[in-house]
Amino acid sequence: MYYDYIQISKINDFLFCPWSLYFHSVYETFAQNTYKASPQIAGTIAHESVDQEKFSTRKNILQGREIFSQKYGIIGKIDIYDKDKRELIERKRTVKEIYDGYIFQLYAQKLCLEEMGFKVKSMKLYSMTDNKTYTITLTKQQKTKFKKVLKDMRSFNLTSKKCSNHNKCKNCIYRELCKIDV
Ligand code: SF4
């Protein structure tokens with residue numbers, strides 16, 4: 001059993017760079033503009049209708065529901081779950097590429113829901129601006145990587161090496177705080 005629950009929403013940040021997650025966590029109590037770039041703010045707004053349960057009043061739809069898994073030590077919120085279709089949907093403002101972070105977010109939600117007694121037959125990523133839907137399935141390797149990422153998140157410490165990908169650092173909103181040479 002885990003006592004240090006990992007927030008599902010932080011998995012993507014960690015995959016981008018563990019240090020960016022550290023900075024994100026440190027600054028998240030500040031006003032949003034100080035630690036989020038504008039596409040991220042748009043992404044937050046895209047979720048607002050779900051969080052406020054405005055998307056649908058249909059009884060077969062779970063919206064913005066808090067979820068957790070004791071087995072994996074993860075906690076978060078789903079976007080939309082259709083009980084009849086047993087379908088889990090995560091809406092993003094615009095999906096340009098299907099990153100591991102998106103896949104792991106849905107997979108983590110599925111694991112939580114199933115532990116809570118809701119079967120998940122399909123996972124979908126919905127891109128709002130171009131109205132595209134992507135069905136998400138995981139390979140065996142991706143499932144193994146998912147478990148490794150959770151383990152790495154638990155064992156991360158501040159003496160870890162910073163990112164060596166200059167392109168990533170150049171576009172990172174934390175580069176000034178990070179004091180990395182780019
Ligand atoms: S500047 Fe580079 S090392 Fe620092 S948080 Fe951003 S991506 Fe990570």
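Computed from a predicted structure; not experimentally measured.

Trainee: Help me understand the packing of helix α4 (residues 100-115) against helix α5 (residues 140-155) in this model?
Mentor: Working note: a packed helix pair is described by the angle between its axes plus the distance between those axes. Running from amino to carboxyl end, α4 crosses α5 at an angle of 85 degrees, the nearest separation of the two axes being 11 Å. Accordingly, the angle class assigned to the pair α4 and α5 is roughly perpendicular. Taken together, the residues of α5 that come into contact with α4 (itself represented by Asp100, Ile103, Phe104, Tyr107, Ala108 and Leu111) are Gln142, Lys143, Lys145, Phe146 and Val149. Considered class by class, the residues forming the contact of α4 with α5 number 7 nonpolar, 1 polar and 3 charged.

Trainee: How do you make sense of unusual backbone geometry when you look at a structure like this?
Mentor: As a rule of thumb, non-glycine residues mostly have phi less than zero, and peptide bonds are mostly trans rather than cis. Its identity is not glycine, yet arginine 86 carries a phi of approximately 55 degrees, on the positive side. Within the element layout of this structure, arginine 86 appears in the loop between β5 (80-82) and β6 (87-92). Phi is positive for asparagine 131, close to 55 degrees, though the residue is something other than glycine. By secondary structure assignment, the location of asparagine 131 is in the loop between β7 (122-127) and β8 (132-136). Accessibility expressed as a relative area gives 54% for asparagine 131, which makes it exposed.

Trainee: Teacher, can you tell me more about the pattern of salt bridges here?
Mentor: A side chain with one charge may pair with a side chain of the opposite charge, provided their charged atoms come close. With the rule as written, the count across this model stands at 6 salt bridges. Of the charged contacts in the structure, one is a salt bridge between aspartate 79 and arginine 91, with a shortest N-O distance of 3.9 Å. Pair noted here: aspartate 79 is in the loop between β4 (74-77) and β5 and arginine 91 is in strand β6, with a separation of 12 residues, a long-range link. Residue classification places arginine 91 among the buried residues on the basis of a relative accessible area of 8%. The residue aspartate 152 makes a salt bridge to lysine 148 at a minimum N-O spacing of 2.8 Å. Of this pair, aspartate 152 and lysine 148 both sit in helix α5, 4 residues apart, roughly one helical turn. Overall, the relative accessible area of 29% leaves aspartate 152 in the partly exposed class.

What counts, and at which threshold
- Residues numbered from 1 in each chain as written.
- Predicted model: local features only at pLDDT ≥ 70, side-chain atom pairs only at ≥ 80, totals over all residues.
- Heavy atoms only, no water.
- Axes fitted to C-alpha atoms, helices over the stretch in contact; angles between N-to-C directions.
- Helix = DSSP H or I, 4+ residues; strand = E, 2+ residues; numbered from the N terminus.
- Parallel < 35°, antiparallel > 145°, perpendicular 65-115°, else oblique.
- Contact = heavy atoms within 4.5 Å.
- Nonpolar A, V, L, I, M, F, W, Y, C, P; charged D, E, K, R; others polar.
- Buried < 20%, exposed > 50% of the residue type's maximum accessible area, 1.4 Å probe, protein only.
- Salt bridge = Lys/Arg side-chain N within 4 Å of Asp/Glu carboxyl O.

These figures come from the coordinates and say nothing about function on their own.
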